[in-house]
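Working through the structure, step by step
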Amino acid sequence: VVVGVLVGGATVAAVAIVAFVGFRIVLYQWASKQPTPPASQPAKVATTSKDYEVSIYDKWIEESDGKYTLVVSYDYKNNSGKPQNFVWACQDKVFLDGIECSMSYDDYSGTDTSYLTYAKRSDDIVSGKSAIVNVGYEMTKFNPDKEQEITVRITKALDASEVKSEKSFKTSEIKIVRDDE
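Residues numbered from 1 in each chain as written. Predicted model: local features only at pLDDT ≥ 70, side-chain atom pairs only at ≥ 80, totals over all residues. Heavy atoms only, no water.

**Considerations on the environment of Ser 73**
In this structure, Ser 73 sits in strand 3 (residues 67-78). You can call Ser 73 buried: its relative accessible area is 3%. Setting aside anything within four residues of it in sequence, one finds Ser 73 in contact with Ser 55, Ile 56, Tyr 57, Asp 58, Trp 60, Ile 132, Val 133 and Asn 134. (Helix = DSSP H or I, 4+ residues; strand = E, 2+ residues; numbered from the N terminus. Buried < 20%, exposed > 50% of the residue type's maximum accessible area, 1.4 Å probe, protein only. Contact = heavy atoms within 4.5 Å.)

Structure below.
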């Protein structure tokens, strides 16, 4: 009787192990077939140094009188140990089909202030704190009827050769907000 219980217990344990391993394999196969999140969600591109963290929080294209501006919302966190601003921490550039876009403004402030702190590129942020920094880039060569590529590049301030982060998007993945909406 004791031998039968030991053999029976081992059998139950073996069945449980096989079932567990089989479940993990099925779960892995299911997860690997899931679609990637749509591009309209905040980009997961990020860069971190000992002095700061920057990620793309959001992006959209504004159209006004036939002129287009890409607005990129950067989530900037100062880790430098002293008040520091986005401009002195890093350099941001945007390219449309490989051609740099000029910055048009940096004082765009968001409307959802319930949990976000907005700042200009030149506003100092206390160490350990974060702010959303919205920057507009003129897209003089943008054609809304043509698929184009936008690249956002973050480099070390005063050293554009040291690329910290770069992310490209297709223009069809970015919402266009028209001035009459």
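There is more to say, and it comes next.
**Quick look at the side chain of Gln 84**
With respect to the helices and strands, the residue Gln 84 is situated in the loop between strand 3 and helix 2 (86-89). Among all residues touching Gln 84, those that are not within four sequence positions of it are Tyr 76, Asn 78, Ala 89, Asp 123, Asp 124 and Ile 125.

**Some points on the pattern of salt bridges**
Side chains carrying opposite charge are able to pair once their charged atoms draw close together. On inspection of all chains with the given rule, the structure shows four salt bridges. Across the pair Lys 93 and Glu 100 runs a salt bridge, and its minimum N-O distance is 3.8 Å. Classification of Glu 100 as partly exposed rests on a relative accessible area of 45%. One salt bridge connects Glu 166 with Arg 153, and the closest N-O pair in it is separated by 2.5 Å. Taken together, the residues span a long stretch of sequence, with Glu 166 in strand 10 (residues 159-170) and Arg 153 in strand 9 (residues 149-156) at a distance of 13 residues. (Salt bridge = Lys/Arg side-chain N within 4 Å of Asp/Glu carboxyl O.)

**Digging into the nonpolar core**
Counting residues in each nonpolar core, the largest one holds 28 residues, and the members touching the most others are Tyr 74, Val 94 and Met 139. When residues of this core are traced back to their parent elements, those giving at least two are strand 2 (52-64), strand 3, helix 2, strand 4 (90-96), strand 8 (130-138) and strand 9. (Core = buried A, V, L, I, M, F, W, Y, C linked by side-chain atoms within 4.5 Å.)

**Here we look at the environment of Asn 85**
Looking at the element boundaries, Asn 85 is found in the loop between strand 3 and helix 2. The class for Asn 85 is buried, based on a relative accessible area of 7%. Within polar-contact distance, the side chain of Asn 85 engages the backbone nitrogen of Val 87 at 3.1 Å. (Polar contact = N/O pair within 3.5 Å; in protein donor to acceptor, adjacent residues only side chain to side chain.)

**What about the pairing of strand 3?**
Counted residue by residue, strand 3 has nine buried out of twelve residues, so it is predominantly covered. Across twelve bridges, the pairing between strand 2 and strand 3 is antiparallel. If you follow Glu 62 over to strand 3, its bridge partner there is Thr 69. In this structure, the hairpin formed by strand 2 and strand 3 is closed by a connection of two residues, where Asp 65 is found at a positive phi of approximately 55°. Judged from the nine bridges that link them, strand 3 and strand 8 form a sheet pairing that is antiparallel. By the bridge assignment for strand 8, Tyr 76 is matched with Ala 131. (Pairing = 2+ DSSP bridges.)

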